[in-house]
Amino acid sequence: MGSVLSLPVSDSAPRQREKAEQEDDDLLDSRDRVEDIAKFPYVEFTGQDSITCPTCQGTGCIPTEQVNELVALIPYSDQRLRPQRTKLYVLLSVLLCLLVSGLVVFFLFPHSVLVDDDGIKVVQVWFDKKNSVVILSITATLRIRNSNFYSVTVTSLTSRVQYMNTVVGTQQITNVSSIQPLSDKLVNFTVKVELGGPFSYVYFFCTFPKVKVHNIVIFMRTSVKLSYIGHTTQSALETYHYVDCSSNSTAAQDPLPPPSPWHKEQPKPRANPEGAAHALHGQVAVQMDSRRDHGL
C-alpha cells in the first residue's frame, strides 16, 4: 500500500508571507510608476491609425480663452447637475410671460377713433340767373382723434348734402389722410350743391336785396372709413348747418345739433330745417307778390 505525503505547516506559512510581501511590492511599484508618468510632459503619439486631439492640438492643455467654451465630463451624481430654485424660476417665467402678453394686448388692442364735426369753413356762391339756380361750394372740416398707439389711415370719405329731404350734392374722396398715434387731425373736404328746379324759390330768396339775412338750413351726412392693423371701421356723422347763400363766406358756422329721436319737446327753430324751409318759402312768396304789385 502506498503512503500519503503531507507538507509540514511550517513550510506553507513562509510561502504565504512571501507572496503577500511580493504583492505589496508590486503595488508600491505601480504607484511609483504612475507618479513618474505624471511627472513627464504630455506627448502625443500619432501613428498610422491615430489622429491628433482637435482640442489641445497634441499639447495636453487648452488655451485660457477656451475655458468657458468647452464641455467637461461631470459625474451624474455631481451637485452641479441638480437644478436649484426650479419653482422660483418657473414662477418668474410665467409672470414675465403674462406681463409681456398684457403689454402687447394693451398697446395693440384697437381703441376708439372719434370723428367730430368742426364746422363749415368756406362757402362760395354762384348764381345762374337764367335757370334760377343757386350753386354752392361748401368746404367743411372734420376733426379725427386717434387714441391708438399706431397710425390710422382714412381710406375714404363720403359726404351727402340734403335740403328738404332731397339730396342736392355728394362728394367722395379716397386715400384721404393718415393720423399719427395719440393725436388728432383736421380733414377738409368740399361738396358742390345745386339748388334749382323745385327749389328755384331759393334763388329769389338769396338774391332779394331787402332780406338782410340769407341763411338756409342744410343737412350733411358724412361717412368715414378707417383702417388700422388689418381692421376696418366706419364712422357716420350727421349735422345741420346754417349757410349764407347771398355771398361768399369764410366765417365758420356753428353746427346745429341733430334732433334727438327720444326727445318729444318742441324742437327749436334752428334745429328744424323743414320749418325753416317752409318759412323761407313763405318769405319768397311774399317777395314775389310784392314784385308783382310793383309791376316787376
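Throughout what follows, the structure given in this document is the object of discussion. (Residues numbered from 1 in each chain as written. Predicted model: local features only at pLDDT ≥ 70, side-chain atom pairs only at ≥ 80, totals over all residues. Heavy atoms only, no water.)

### Some details on the sheet that holds strand E3 (residues 152–163)
Alright, step 1. Strand order in this open sheet of four strands is E4-E3-E6-E7, and the pairing throughout is antiparallel. Edge positions in the sheet fall to strand E4 (166–179) and strand E7 (231–244), since each has one partner strand and no second. Neighbour-to-neighbour, the strand axes of the sheet open up by a mean angle of 15 degrees, direction not taken into account.
Alright, step 2. With nine bridges joining them, E3 and strand E6 (residues 215–228) adopt antiparallel strand pairing. (Pairing = 2+ DSSP bridges. Helix = DSSP H or I, 4+ residues; strand = E, 2+ residues; numbered from the N terminus. Axes fitted to C-alpha atoms, helices over the stretch in contact; angles between N-to-C directions.)

### Here we look at the pattern of salt bridges
Two side chains with opposite charge may pair up if their charged atoms get near one another.
Alright, step 1. Following the criterion strictly, the structure yields five salt bridges and no others.
Alright, step 2. With its nearest N and O atoms 3.2 Å apart, the salt bridge here joins Asp118 to Lys121.
Alright, step 3. Overlapping salt bridges, with partners in common, bring together Asp118, Lys121, Arg143 and Asp184 in one network. (Salt bridge = Lys/Arg side-chain N within 4 Å of Asp/Glu carboxyl O.)

### A word on the sheet that holds strand E2 (residues 133–146)
Alright, step 1. Reading across from one edge, E1-E2-E5 is the order of the three strands in this open sheet, with antiparallel pairing throughout. The sheet terminates laterally at strand E1 (113–128) and strand E5 (183–195), the two strands that pair on one side only. The average angle at which neighbouring strand axes cross in this sheet is 15 degrees, direction not considered.
Alright, step 2. By the bridge criterion, 13 bridges tie E1 to E2 in an arrangement that is antiparallel. The residue of E2 that forms the bridge with Asp117 is Leu142.

### Comments concerning the pairing of E6
Alright, step 1. E6 sits mainly inside the fold: ten of its 14 residues count as buried.
Alright, step 2. Summarising the sheet, E6 and E7 pair through 14 bridges and their orientation is antiparallel. Across the sheet, residue Tyr228 finds its bridge partner in E7, namely His231.
Alright, step 3. Linkage of E6 to E7, two consecutive antiparallel strands, is achieved through a turn of two residues, within which Ile229 is found at a positive phi near 40 degrees. (Buried < 20%, exposed > 50% of the residue type's maximum accessible area, 1.4 Å probe, protein only.)

### Looking at the packing of aromatic side chains
Alright, step 1. One pass over the full model with this rule turns up nine aromatic pairs.
Alright, step 2. Ring centres 5.2 Å apart and planes at 80 degrees place the aromatic pair Phe106 and Phe107 in the edge-to-face group.
Alright, step 3. Their ring planes at 70 degrees and their centres at 6.5 Å tell us that Phe199 and Tyr201 sit as a pair that is edge-to-face.
Alright, step 4. Judged by relative accessible area, which is 9%, Phe199 ranks as buried.
Alright, step 5. What links up through ring pairs into an aromatic cluster is the set Phe106, Phe107 and Phe149. (Phe/Tyr/Trp six-rings, centres within 6.5 Å; stacked < 30°, edge-to-face > 60°.)

### Things to note about the environment of Ile144
Alright, step 1. Mapping Ile144 onto the fold places it in strand E2.
Alright, step 2. Contact partners of Ile144, with chain neighbours within four places excluded, come to Val113, Leu114, Val115, Val154, Ile179, Ser183, Asp184, Lys185, Val187 and Val224. (Contact = heavy atoms within 4.5 Å.)

### Description of unusual backbone geometry
Alright, step 1. Although it is not a glycine, Leu182 adopts a positive phi angle of roughly 50 degrees.
Alright, step 2. Its location among the elements puts Leu182 in the loop between E4 and E5.
Alright, step 3. Positive phi values are uncommon outside glycine, yet Ile229 reaches one of about 40 degrees.
Alright, step 4. Note on placement: Ile229 falls in the loop between E6 and E7.
Alright, step 5. You can call Ile229 exposed: its relative accessible area is 54%.

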